[in-house]
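# Examination of the molecular architecture
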Amino acid sequence: MDGGYYMLCIKNGTLVAPQGRWRANIFIENGKIVPESCADPSAECYDASGCLIFPGFIDAHTHLEMDTGTTVTADDFPSGTGAALIGGTTVILDFATQERGGTLSDALRIWHSRADGRCACDYGFHMAVTEWNDAVRAELPIMAEQGVTSFKAYMAYDNLRLNDDELRELFAAARGIGVVGVHCELGDMVNRRVSELLDEGHIEPLWHPRSRPNEVEALAVRRCLELAREANGNAWVVHLSTREGLDEIASARALGQNILCETCPQYLTLTDDVYDAPDFEGAKFVCSPPIRSETDREGLWKGIYENNIDIISTDHCSFRFRGQKELGKDSFADIPNGLPGIEHRPALLWTYGVAAGRITAERFVDLLSAEPARRFGLSGKKGNLEPGADADIVIWDPDAEWTLTADTIHMAADYSPWEGCAMKGRARAVFLRGELSAENGRIIRPNDGQYLFRGPSL
Ligand code: URP
Ligand code: ZN
Ligand code: ZN
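Note that the structure is a prediction, hence the values are computed from the model and not measured. Here the residue numbers are simple positions, counted from 1 along each chain's written sequence. A letter from A marks each chain and a number from 1 marks each ligand, given out in the order of writing. Per-residue local features of the predicted model are confined to residues with pLDDT of at least 70, and side-chain atom pairs are confined, for both listing and counting, to 80 or more; whole-chain, interface and lining totals are unaffected and use all residues. The side-chain numbers reported here are obtained from all heavy atoms of the structure, hydrogens and water having been left aside.

Take the coordination of the zinc ion (ligand 2) next. Listed donor atoms are N, O and S within 2.8 Å of the metal (Na, K and Ca: 3.2 Å). As water is not included, a site may look incomplete. Protein-derived coordination of the zinc ion (ligand 2) comes from His 183 (ND1) and His 239 (NE2), at a distance range of 2.1 Å. Any coordination sphere not matching a tetrahedral pattern (four donors, all angles between 85 and 135 degrees) or a square planar or octahedral pattern (four or six donors, opposite donors over 155 degrees apart, other angles between 65 and 115) is reported as irregular. Around the zinc ion (ligand 2), the four donor atoms are arranged such that angles at the metal cover 56 to 142°; this shape is classified as irregular. Metal-to-metal, the separation of the zinc ion (ligand 2) and the zinc ion (ligand 3) is 3.7 Å. Here His 183 is found in strand β10 (residues 180-183), whereas its partner His 239 is found in the loop between β11 (235-237) and α8 (243-254), with 56 residues between them in sequence. The two residues His 183 and His 239 agree in class, both being buried. Only DSSP runs of H or I with at least four residues qualify as helices, and only runs of E with at least two residues qualify as strands; both kinds are numbered from the N terminus onward. The rule is simple: take the accessible area with a 1.4 Å probe, protein chains only, and divide by the maximum for that residue type; under 20% is buried, over 50% is exposed, in between is partly exposed.

A separate point is the sheet that holds strand β7 (residues 89-97). One requirement defines pairing of two strands: DSSP has to find at least two bridges between them. The eight strands are arranged β6-β7-β8-β9-β10-β11-β12-β13 in an open sheet whose pairing can be described as parallel. Across the chains shown, the open sheet's two edge strands, defined by having one partner strand only, are β6 (57-62) and β13 (311-312). In this analysis, two residues are considered to be in contact whenever any of their non-hydrogen atoms come within 4.5 Å of each other. Working convention: axes come from line fits to C-alpha atoms, limited for helices to the stretch in contact. Angles between N-to-C directions cover 0 to 180 degrees. Against the sheet, helix α1 (residues 77-87) engages β7 and β8 (122-128), with an angle of about 150° to β7. Strands β9 (151-154), β10 and β11 of the sheet are contacted by helix α4 (residues 164-174), whose axis makes an angle of about 160° with β10.

What follows covers the coordination of the zinc ion (ligand 3). Each protein donor to the zinc ion (ligand 3) is listed here as His 61 (NE2), His 63 (NE2) and Asp 315 (OD); together their distances run 1.9 to 2.1 Å. Mapping the donors of the zinc ion (ligand 3) onto the primary sequence gives the spacing H-x1-H-x251-D.

Spelled out as structure tokens, the structure:
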């Protein structure tokens, strides 16, 4: 129903929050959750029998319509956010990225022009800073005024990275505004290893993880946390993949440092034998940091039990195998880095986490919804089912059993890293601000996504 007074009731489901679960009906008026005392007896009802009810999931790390210099990600904002919504994600936070020589305001304008009016779910932006100077420093508060309250820096990738002094200054300048997400890999070490491997004639995808061993990440995490401490800033370690990196975070936290720690489904569900696939198929798994060993995978789950990992995002950065991953046929270093995951993060975490007995449904909603809302300046509005919150609601069938195959995905990639995986759990219906926007794998409302003007991030 469009506009005006609109009352909806979702009945017979079990609500889940980090604090517990309970049977209750949810009442929605004009896109917001309202208390039962305000319920209109004539309200239209959605029957959620047999289902769990979650606040919409938040994916705090996506790259849509991003130009890598050699190609552009397969998913644009319409396809990426549509796939996200089908899977139960009602908010994405995408990385607007400064072009070197350009301003942060230019980048924000470009990202708005790509996303505004073209998103199926709500969206906000982080700002990736790729060049540091006084003019850029002066733009940080301007970003905050425009609702962009988190930043990102790369320690690797020569066309994107900041040096240590620049990163320290960025941490200091972002103090009071929000977190600085850091891609923690030591760029010089990666470059040296890539050159050595290629000089030795090692060109296949399986050499990609060998060019970025665990220490490349762990030493970068340590350096990043030192720089944040020196600047009294707030570090967000993005896409953590190693147990050694996790140890660095745990040690720094034990000394009282505020850190936001993120990992991704690929590091919790896959192991590095994927790179051994024949016929260049290992390229499908080339991302940075790379997929790690079984020991790392188990270490990350332990990090989740021990509350050293706070959020799980996708780092969705999709490329087709045909024509895009194939750019690296002659050198693993030319394979575009990134995986498609925006659609399946909730179901993957349900399958490998909740259904496998590793986490509870309460922890699941904390990692995927409540904590990202709290950390990224969306408290109250998103990530909860309390009166006053936006009625972003996922009706989740915990018992659904299905097989993930490339021919059923809604993302623009032509493959899935989880091809053939037996899945449990699935979003049956997804409400965005009170409107039924996706149901049973089908988008109903493709352009309703609104820009999220965020408060300070933590
Ligand atoms: O391989 C990856 N992760 N690509 C996306 C960009 C990034 O580093 O986050
Ligand atoms: Zn990264
Ligand atoms: Zn990323």
